[in-house]
Amino acid sequence: MSGTIQDAKSQRPRAGAQVFLQQWGVLVAFGLLLAISTWREGFDFLSFENFRTILNSNAAVGILAVGMTFVIVSAGIDLSVGSMVVLAAAIGVTTMNWAAGREWSEGNSVALGVCATLVTGLAAGMVNGALIVFGRIAPFIATLGGLAAFRSVALAIAEAGEIRSSSSTLFAKFGRSGVPLAWESGVNESGSPVFTGLTNAAGKPLTLTYGMIAFVVIAIVAQWFLSRSRFGRHVVAVGANETAARYAGIGVDWVRFRVYAIMGLLAGFAGLLLSSRMNSVSTSGLGLGAELDAIAAVVIGGTSLRGGFGRVWGTVIGVLILAMITNILTISQVSPYWQGAVKGGVIVLAVLVQRGARD
Amino acid sequence: MCPESPDRGGRNGSTDTRKGCRGTKRSQQIGPIADIDAAISPLPVVSRTVASVPTAPNPPSMAPRTVLLAARDVTVDYPGVRALDGVNMEFRSGEIHAIVGENGAGKSTLMKVLSGSVRPSQGRVELGGSGQFRAVHFTKPSDAIRAGVSMVHQELNLVPGLDVAENILLGREPVGRRFGVAIARRAQRLRAAELLALLGAEIDPAKSAADLSIAEAQFVEIAKCLASDARVLIFDEPTAVLGAHDAARLLALFRRLRDEGRAIIFISHHLDEVVAVADRTTVLRDGRVVQAFARDHDQHRQLDESALAAAMVGRELGSMYPEKGACDKAATPAMELVHFGAVGRSRGVSLAVRPGEIVGVAGLVGSGRTETAEAIVGLRLSEGSLRVGGRSVRFRSPREALAAGVVYVSEDRKGRGLHTSLSSIENTTMPSLDRYAQLGGLRVDLQEERNTTARWIREFAIRCARPDLPISSLSGGNQQKFALARWLETGPRVLIIDEPTRGVDVGAKGEIYRILADLAAQGLACIVISSELPEVIGLSHRVVVLHQGEVAGELTRDRLLREDCEERIVRLASGLSEEKERDS
């Protein structure tokens, strides 16, 4: 009988504005921010170069946020992503240096370092997944432990200092260079090369960095996986109602384990990107607070914190929104100390809009 | 008629009021107490549940029986279902009032109306007790509690982190004199101990609520009601979760509370305990009062189990049920349980189901029906042996059971059977998703999913204009059809369906029966678990009755044609022994 009552409740039509905000609020916010930014900074803001810069500097957080989307859709949370980033990077660079010290060629040692970074990330994610699935520990608690423990291991490796890469240029290439969008078409009078294609104001070619390419590709693949693959459907089903998923014959434990393992792998990838860009790892600073930015981007993107509903494209826009807010605040000369308050307000607002639409 | 004390809340005060109002109109209708008790002959002790409850006549109480609470023409409409239809009932002080009826008869709804968690669509609840009636509008349970009406729910509501005393006095903590802020813990313990002593319960007030047994927790709940000065206590199947000894203690407590002048209302499926303790019994059927029994001088209405069972089930088996197909008794069973059980919940269940056969499983809530089914498909630990298609198996998850062609449609559609927030399409293809997965699961064929869903919509005449919207937007009946379709899509050999028509309107019920009969005719082996006896009888070739986790009896196809088969099932399910039946 009570089921019947609740059915009746859910049949009640929701207010149109609420549904609209919940579905498309992130786009509305994005549009508003674009307008404000353009008003504050002029039409240069809308330039390709500006977006390239924003994407590039947020690629690592973006990749974390994409993984976090899956975690949150499965009704979980991963607080340890920032610590997984630094641990993976620290072990990766240390391994690379060890190999270089044993007279390995630069190429081989860099390859080993890259592998070590990714494997460490994956392993850390699997530890989280095992604790949550087989240890039956709440995701919040299990990954809170990871938040403390993973960074602690990284700090211990470097005695809280910086680990410099032994590779002179090769390792840093991944984080710094990319695909140029202009090619040399000749030489001008003064003898310097002339580029055809997309160039910046100084006439130098614009590049799509490997980092941003990776972010975009990962986001597209992830969106596909979430909405069109069997795994994605299972993640949604587990997040929407774990019991019902189990009754429907879904291997709930395996699905959840994979979600955390993938999160770890992506954290390793983000660690690779960041350490390569710096060509070193600061064990006390790298990835610090990244979990907050990632979770914030996911929530702003309209993914339900209760699980069972989410979209990667929303998360990508969420990342951009966070970056643009920082951008505007900086340009408007708001003290960096206040920027956290504004970001916090935006996150709470996003959750309020979400809840208003769901209850 | 007589001067009334304005005090309604205090226990002592109200007792005085009743004494002073011997001559009120209401109390005169009831008749002298002595006669009532004289009219009751001691009843034979029949079942394990009441084995130790003395069935001696009730001691004469001092006060006349005043009506404390009344339902007047209460009607409750749920979408598509009228749960209660013009129910009139009065609950008197110093009386134990049992309400019986089949599942879906409206008992629980009535309790919810009386305790303020459901508002009637029509009619009203009146508070009496002071000579005249006052209509009350409980909008939430706390309103009812304030008015002295408390309900003890089946799922107990104790705070596990607090101790017994804190739970009992939750929300009415005594505060220290000095600042009026700090909780006076000593006073709290003393008051709690006092209330527990009143109940005759030996529970340490300092014990943590998390460590209580179910029976102890129930006593604490009752103490909580007394702390709020409840004069009307409502119990929803209080003994369903108790063992024989604890059940007996609880019933003894009912009598004590009754003798203090409170009104006890309780729902029970155990007719033996109803007969043993109830002063007044009302039978509900299809949301209406069909019969009322009282222990008074009216000898024509002598309360006994047979009369109760007959009143409960006295419904025509309509043509809602399709013709039962023939079934080859010699065929190899599609699934066979041998001394099977869900660890801790059922044991020694042996039954076989053949292709084309529908086996009904009846039993009370808590008899282990659902648990046994869940154990079959690997949702619970199982014991004993299970054979599917002649092969001995033990499933560790529904996934393994599915692979072997055994599927289970849960009774809990919202919580377990369906993903209510997902679309009808996603729900339909959930268990068979592998079939739509291409490239090793990289791509799900959405078009094929839509086609499949559309096919089931046609096949089952499901009313669903937008299968891409959340399935929660559909009515119960249409949801149930999808819940069934999603499993049929996997091509099972054995279908276990639990409460196939719970929360389903009458029209869709008939359609689901037809679907089940058709499936059996096509060779599917079906096990139908249901609390609705007409349904079990109307659908099944055979009916197995469970009681306390064991098979209490089986009714063959021929036996199901006899008129008294419902009564027989009720008896078996309530644990009445075979001997008892032969005697009567």
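Below, the structure is looked at part by part. (Residues numbered from 1 in each chain as written. Chains lettered and ligands numbered in written order. Predicted model: local features only at pLDDT ≥ 70, side-chain atom pairs only at ≥ 80, totals over all residues.)

**Topic: the overall build of chain B**
Scanning chain B from N- to C-terminus turns up 22 helices and 22 strands. Taking all 584 residues of chain B together, the buried fraction comes to 51%. Partitioning the intrachain contacts of chain B with sequence separation of at least 6 by distance along the chain shows that 71% fall at a separation of at least 24. (Helix = DSSP H or I, 4+ residues; strand = E, 2+ residues; numbered from the N terminus. Buried ≥ 20, exposed ≤ 12 C-beta atoms within 10 Å, placed from the backbone. Contact = placed C-beta atoms within 7 Å.)

**Here's the deal with the overall build of chain A**
Assigned secondary structure in chain A consists of 15 helices and six strands. Relative to its length of 359 residues, chain A is compact, with a C-alpha radius of gyration of 22 Å against a globular reference of 21 Å. Oriented by its inertia axes, the alpha-carbon framework of chain A measures out at about 85 × 50 × 40 Å. The 359 residues of chain A split such that 46% are buried. Long-range contacts, defined as pairs at least 24 residues apart, comprise 77% of the intrachain contacts of chain A with a sequence gap of at least 6. (Rg over C-alpha atoms; globule rule 2.2 N^0.38 Å.)

**Describing helix α16 (residues 446–459) of chain B**
Residues and elements named next belong to chain B. The end-to-end C-alpha distance of α16 is 20 Å, a good match for the 20 Å that 14 residues give at a rise of 1.5 Å each. When we look at burial in α16, the residues that qualify are Glu449, Thr452, Thr453, Trp456 and Ile457. End-on, the buried residues of α16 take up no more than an arc of 140°, which puts them together on one face. Of the residues in α16, the exposed ones pointing more than 90 degrees away from the buried face are Gln447, Asn451 and Arg458. (Expected span 1.5 Å × (residues − 1). Arc of directions from axis to C-beta.)

**Some remarks on the sheet that holds strand β12 (residues 349–353) of chain B**
Strand pairing in a sheet relies on backbone hydrogen bonds, with the paired strands running either antiparallel or parallel. All names here are of chain B. Strand order in the open sheet made by the four strands is β12-β11-β14-β15, with antiparallel pairing throughout. Two strands bound the open sheet, and with one partner strand each, they are β12 and β15 (391–393). Taking each pair of neighbouring strands and ignoring which way they run, the sheet shows an average axis angle of 20°. The sheet contact formed by strand β14 (residues 382–388) and β15 spans three bridges and is antiparallel. Bridge pairing in β15 places Leu386 opposite Val393. In this fold helix α12 (residues 369–376) packs onto β11 (335–342), β12 and β14, with an angle of close to 115° to the strand it touches most, β11. (Pairing = 2+ DSSP bridges. Axes fitted to C-alpha atoms, helices over the stretch in contact; angles between N-to-C directions.)

**A few points about the sheet that holds strand β20 (residues 525–529) of chain B**
Residue and element names in this part refer to chain B. Here we have six strands laid out as an open sheet, ordered β16-β19-β20-β13-β21-β22, and mixed in their pairing. The sheet terminates laterally at β16 (406–409) and β22 (550–555), the two strands that pair on one side only. Going from strand to strand, the sheet's axes swing by 20° on average, the running direction of each strand aside.

**Let's talk about the pairing of β11 of chain B**
All names here are of chain B. When β11 meets β12, the two strands line up antiparallel, connected through four bridges. Looking at the pairing, Met335 lines up with Val353 of β12. When β11 meets β14, the two strands line up antiparallel, connected through six bridges. When the bridges of β14 are listed, Met335 appears paired with Val388.

**Description of unusual backbone geometry**
For Gln333 of chain A, which is not glycine, the phi torsion reads 60° and is therefore positive. Inspection of the secondary structure assignment puts Gln333 of chain A in the loop between α14 (312–331) and α15 (336–358). If you check the backbone angles, Asp73 of chain B has positive phi at about 50° while not being a glycine. With respect to the secondary-structure elements, Asp73 of chain B resides in strand β1 (residues 67–78). When the 13 C-beta atoms within 10 Å are taken as the criterion, Asp73 of chain B is described as partly exposed.

**Overview of the interface of chain A and chain B**
Across the boundary between the two partners, chain A contributes 26 residues, which contact 33 residues of chain B. Of all the elements in the fold, those that place two or more residues in the side of chain A that touches chain B are α1 (2–11), α10 (230–240) and α11 (242–247) of chain A. The leading source of residues in the side of chain A that touches chain B is α1 of chain A, at eight residues. Its residues placed into classes, the side of chain A that touches chain B shows 10 nonpolar, 11 polar and five charged. (Nonpolar A, V, L, I, M, F, W, Y, C, P; charged D, E, K, R; others polar.)

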